[in-house]
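Remarks on the overall topology
Here is what each chain is made of, one letter per residue.
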Amino acid sequence: IAAAAGNGAVAYAMPTVEPEDDIAQFAEYRRLKTMMQQMQMTGCPNPYFTVHEGIVRDMTVVGGKPYISFASYNYLGMSGHPRVTEAAAEAVKKYGTSVSASRLVSGEKPIHNELERAIAKWIGVDSSILMVGGHATNETTIGHLVGSGDLILHDSLSHNSIVQGALLSGARRRPFPHNDFEALDRMLTEMRSQYRRVLIVIEGVYSMDGDFSNVPEFVKVKRKHRAVLMVDEAHSFGTMGKTGRGMAEHFGMDARDVDIWMGTLSKSGASCGGYIAGSAALVELLKYTAPGFVFSVGMPPAQVAAALAAIQTLDDEPERVELLRKRSHLFLSLCRQAGLDTGDSEGTPVIPVITGNSMVALRLSNRLKGDGINVQPILYPAVDESAARLRFFITCEHSEEQIRFAVERTAKHLTDLGFCRTTEPKTPE
Ligand code: PMP
């Protein structure tokens, strides 16, 4: 640079700038590298991007070896169910692998409408709309429905997609304390009059803690303050309620009392993509105006057919939901008997074992791997350091023996690692 400036200064060689060097200037990248170095220092292999070589149900195969799997949310064993696989294959034969256009223009297929009707009926509302990604569904719907002059109040433990949607919207965003509808009520009493519209966003089942929201109480608050209520059922669709119809069925409430039901098809739906379900007016509005729907390709045929077959199969095999509940209850009560800290998890298939230390969580998951058990550690910064954990996803396909073995090994390794339990062992329930 100095030479080119022609000012007689001594020229010096410019360092070669590799493309990644530009990224290395980002503080976020440096933080990531520091975190990875810390992980490396534990001597444990990188727990991310593990390659799973087949369908993950109760078991998975990694590096040619079988493991009991607690790391995927195939809660009802629908991914890999022969009926679901066949439906997806048939749809590909009939419609190809892509619909090759936005549905608004020429990407509409009969199965899109069939699945949308099935979802609306499953939940108990008028209508629904499919979108290509679960994350994108929250982002585009929240980002689009409200804007400047509006207020979004969301649970403090909301999923990233909800927060991203809120940021995109340009509305004022305030989290309220986790699951605390009374705090929400107080916030609205203070703030409601300053805003044109208010959107409240909660989740059915919380994906890190495995607790769930008291939806009817949130309905009361939203009515009192003339707000719109949105419930994300990513982890409650298929798992909550006697037959898996979600939070409305769980509470025996009229699903129409919630304005916007959102869900993903990547868990119990054995597919990918998301949906918004609610009134015909809401769905019509989104179908013609939501950017993530209008300006995005329609959901691929195989994905639509898989989700449709999963819902139909669940309709025919509701015992899967009951079995999932039994297995989840067994896992939770064994953990409690062993004195493991499962936080607020209750009545759902998401069960954390909180270690309160990322390195202990990492070592624990590595030791369990040695026993043939695959479970994901959730480390800082995904959660606060004091909330570092292993997160167990239970499926209806786990056997009692697999569950007993996993809890017994987890408790033993935690003791061996010198982990101080935060709860006293509880008597069997
Ligand atoms: N909402 C919640 C509560 C989630 O947990 C997730 C992802 N697990 C999403 C939305 C996004 O769904 P998807 O992974 O299907 O894009």
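Please read all numbers here as calculations on a predicted model, not as lab measurements.

With that out of the way, let us pick up the site of the ligand. Neighbouring residues of the ligand: 14 residues in total, closest Gly134, His159, Ala234, Thr264 and Ser266. Residue contributions to the shell around the ligand peak at 3 residues, all from helix α6 (residues 134-145). Within the shell around the ligand, the residues separate by chemical class into 2 nonpolar, 10 polar and 2 charged.

Turning next to the sheet that holds strand β13 (residues 389-393). Read across the sheet, 3 strands follow the order β10-β13-β12 without closing on themselves; strand pairing throughout is antiparallel. If you trace the sheet from one side to the other, it starts and ends with β10 (350-354) and β12 (376-378), each paired once. Within this sheet the neighbouring strands show an average axis-to-axis angle of 35°, counted without direction. Sitting on the sheet, helix α15 (residues 358-370) touches β12 and β13, and the angle it makes with β12 is about 175°.

All right, on to the domain arrangement of the protein chain then. Assigned domains within the protein chain: domain 1 (38-69 + 318-416) and domain 2 (82-316). Contacts between domain 1 and domain 2 engage 16 residues on the former and 12 residues on the latter. Residue classes in the side of domain 1 that touches domain 2 are distributed as 9 nonpolar, 3 polar and 4 charged.

Now for the sheet that holds strand β2 (residues 65-69). The 3 strands are arranged β1-β2-β11 in an open sheet whose pairing can be described as mixed. If you trace the sheet from one side to the other, it starts and ends with β1 (59-62) and β11 (373-374), each paired once. Strand direction decides the pairing type here: β1 and β2, joined by 4 bridges, are antiparallel. When the sheet's bridge partners are listed, Met59 is paired in β2 with Ile68.

Okay, the environment of Ile260 next. With respect to the helices, strands and loops of the structure, Ile260 is situated in strand β8 (residues 260-264). Counting along the chain gives 79 residues from Ile260 to Phe181, while the straight-line C-alpha distance between them is 18 Å. Residue contacts for Ile260: discarding those within four places in its chain leaves Val228, Met230, Ile276, Gly278 and Leu282.

Moving on, we get to the confidence of the model for the protein chain. Counting all residues, the mean pLDDT for the protein chain is 93, and 93% of those residues have values of 70 or more. In this model residues 1-15 is a low-confidence stretch, pLDDT under 50, and it forms 5 contacts with partners more than four residues away in sequence or in other chains. Reported for the predicted complex are a pTM of 0.93 and an ipTM of 0.99.

Moving on, we come to the packing of helix α5 (residues 110-123) against helix α13 (residues 301-316). For the pair α5 and α13, interaxial distance at closest approach is 10 Å and the crossing angle is 35°. Handedness of the crossing formed by α5 with α13: left-handed. Residues Ile111, His112, Glu114, Leu115, Ala118 and Trp122 of α5 form the contact with α13, whose own contacting residues are Pro301, Val304, Ala305, Ala307, Leu308 and Ile311. In terms of residue class, the contact of α5 with α13 is made up of 10 nonpolar, 1 polar and 1 charged.

Conventions and cut-offs
- Within each chain, residues carry numbers counting from 1 in the order of the written sequence.
- Totals for whole chains, interfaces and linings use every residue, but because this is a predicted model, local features are given only for residues with pLDDT of at least 70 and side-chain atom pairs only at 80 or more, for both listing and counting.
- Each residue gets a C-beta atom placed from its backbone. Should that atom fall within 6 Å of a molecule or strand, the residue is termed near it.
- Starting at the N terminus, helices and strands are each numbered in turn, a helix being any DSSP run of H or I of at least four residues and a strand any DSSP run of E of at least two.
- Classes in brief: Ala, Val, Leu, Ile, Met, Phe, Trp, Tyr, Cys and Pro nonpolar; Asp, Glu, Lys and Arg charged; the others, Gly included, polar.
- Any two strands between which DSSP finds at least two bridges are classified as paired.
- Between the N-to-C directions of two axes lies an angle of 0 to 180 degrees, each axis being a line fitted to C-alpha atoms and, for a helix, fitted only over the stretch in contact.
- This entry defines residue contacts through backbone-placed C-beta atoms, with two residues in contact when those atoms are within 7 Å.
- These domain limits were set by an automatic method or by a database of domain assignments.
- One confidence number per residue, pLDDT, is output by the predictor and ranges from 0 to 100.
- Handedness of a crossing follows from how the near helix is turned relative to the far one, being left-handed for an anticlockwise turn of less than a right angle and right-handed for a clockwise one.

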